Amino acid sequence: QKEVEQDPGPLSVPEGAIVSLNCTYSNSAFQYFMWYRQYSRKGPELLMYTYSSGNKEDGRFTAQVDKSSKYISLFIRDSQPSDSATYLCAMSGETSGSRLTFGEGTQLTVNP
Amino acid sequence: KAGVTQTPRYLIKTRGQQVTLSCSPISGHRSVSWYQQTPGQGLQFLFEYFSETQRNKGNFPGRFSGRQFSNSRSEMNVSTLELGDSALYLCASSKLNGQGGAQETQYFGPGTRLLVL
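Parameters at a glance
- Residues numbered from 1 in each chain as written.
- Chains lettered and ligands numbered in written order.
- Predicted model: local features only at pLDDT ≥ 70, side-chain atom pairs only at ≥ 80, totals over all residues.
- Heavy atoms only, no water.
- Helix = DSSP H or I, 4+ residues; strand = E, 2+ residues; numbered from the N terminus.
- Rg over C-alpha atoms; globule rule 2.2 N^0.38 Å.
- Buried < 20%, exposed > 50% of the residue type's maximum accessible area, 1.4 Å probe, protein only.
- Contact = heavy atoms within 4.5 Å.
- Lys, Arg positive; Asp, Glu negative; His and termini not counted.
- Charge placed at Lys NZ, Arg CZ, Asp CG, Glu CD.
- Phe/Tyr/Trp six-rings, centres within 6.5 Å; stacked < 30°, edge-to-face > 60°.
- Pairing = 2+ DSSP bridges.
- Patch = residues over 30% accessible without salt bridge, like charges linked within 9 Å, V, L, I, M, F, W, Y side chains within 5 Å.
- Areas by Shrake-Rupley, 256 points an atom, 1.4 Å probe, with all protein chains shown as cover.
- Salt bridge = Lys/Arg side-chain N within 4 Å of Asp/Glu carboxyl O.

Enquirer: What exactly am I supposed to notice about the overall build of chain A here?
Expert: A count of helices and strands for chain A gives 0 helices and 11 strands. Its helices and strands in sequence order give chain A the pattern β-β-β-β-β-β-β-β-β-β-β, from N to C terminus. Over its C-alpha atoms chain A spans a radius of gyration of 13 Å, differing by no more than 12% from the 13 Å that the globule rule assigns to 112 residues. Judged by the C-alpha coordinates and their principal axes, chain A covers about 45 × 30 × 25 Å. The burial tally for chain A puts 46% of its 112 residues in the buried class. When contacts within chain A are restricted to residue pairs at least 6 apart in sequence, those whose partners lie at least 24 apart make up 55%. A gap of 5 Å separates the mean positions of the 10 positive and 12 negative side-chain charges of chain A.

In structure tokens, the structure reads:
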């Protein structure tokens, strides 16, 4: 069983929809939670970064972490065609150093 | 500020050959990590270097090795290439001060796409 599970999709939504992306994990030592966006033939870019449980909002993006359920989410409001990409969740612990454990990634397409 | 650069961007090799990939981190970043990305396995951690020392290593065979130079630039080497080594190899850098503690933001390069025939 993988440490981080993420539905690979693909997920297709109309422009303007609210998108919900999720990951579950099994390692209770994870304290840092990130969402990366990866466009085709590019490296991942950091979208959201959260420490421990709670919510964080940045523009159209909201990240939620529920450590009791070992479940994290990323919500995208008013989705745009430019949001079409693969979204990767990533996690690490206090002693992980720079080692990130990634989910498989969810491929999202926002249709105009 | 220049981002993480990786060379070459694309590479074709045959089984049994070896390959060296290069990564230049963002100026001032001292930690460099390498990841392998494949459609079936996603991104998997290879190793991390900080101040020319390997600090962390993933579950890859010894054919995968790396090093870091005094200017923080890093190289990774794969010897005796196998078909399954075909992947996108990503390098990420962060400021990480080496003391542990709070996770520093990691910035990824565009990757080197390796095809093994």
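Enquirer: Got a minute to help me understand the packing of aromatic side chains in this structure?
Expert: Think of a pair of aromatic rings as described by two things: how far the centres are apart, and how the planes are tilted against each other in angle. Taken as a whole and judged by the stated rule, the model has 12 aromatic pairs over all chains. With a centroid separation of 5.6 Å and 85 degrees between ring planes, the pair formed by Phe-102 of chain A and Tyr-35 of chain B is classed as edge-to-face. Separated into two different chains, Phe-102 of chain A in strand E10 (residues 101-102) and Tyr-35 of chain B in strand E4 (residues 31-38) make up a pair that spans both. Judged by relative accessible area, which is 8%, Phe-102 of chain A ranks as buried. Tyr-35 of chain B sits in the buried class, given a relative accessible area of 0%. Ring pairs connect the aromatic residues Tyr-36 and Phe-102 of chain A together with Tyr-35, Phe-45 and Phe-108 of chain B, which therefore count as one cluster.

Enquirer: Hey, could you run me through unusual backbone geometry in this one?
Expert: Residues apart from glycine generally show negative phi values, whereas peptide bonds are mostly found in trans. At the junction of Gly-9 of chain A and Pro-10 of chain A, the peptide bond is cis and its omega measures out at 10 degrees in the coordinates. Tracing the backbone shows Pro-10 of chain A in the loop between strand E1 (4-6) and strand E2 (11-14). Note the cis peptide between Thr-7 of chain B and Pro-8 of chain B, where omega equals -10 degrees. Mapped onto the elements of the fold, Pro-8 of chain B is located in the loop between strand E1 (5-7) and strand E2 (10-13).

Enquirer: Please explain the pairing of strand E4 (residues 30-38) of chain A as it appears in this structure.
Expert: Successive side chains on a regular strand alternate, one facing one side of the sheet and the next facing the other. Residue and element names in this part refer to chain A. A large share of E4 lies buried, amounting to 9 of its 9 residues. Here E4 pairs with strand E9 (residues 85-93) via 8 bridges, running antiparallel. Paired with Trp-35 across the two strands is Cys-89, which belongs to E9. Where E4 lies against strand E5 (residues 45-51), 6 bridges are found, and the strand directions are antiparallel.

Enquirer: Any chance you could explain a nonpolar patch on the surface here in plain terms?
Expert: Residues and elements named next belong to chain B. A grouping of Ile-12, Leu-115 and Leu-117 is seen on the molecular surface, where their side chains present a nonpolar patch of about 300 Å² in accessible area. Note that Leu-115 resides in strand E11 (residues 112-116). For Leu-115, a relative accessible area of 39% puts it in the partly exposed group.

Remember, this is a structural readout, not a statement about activity or role.
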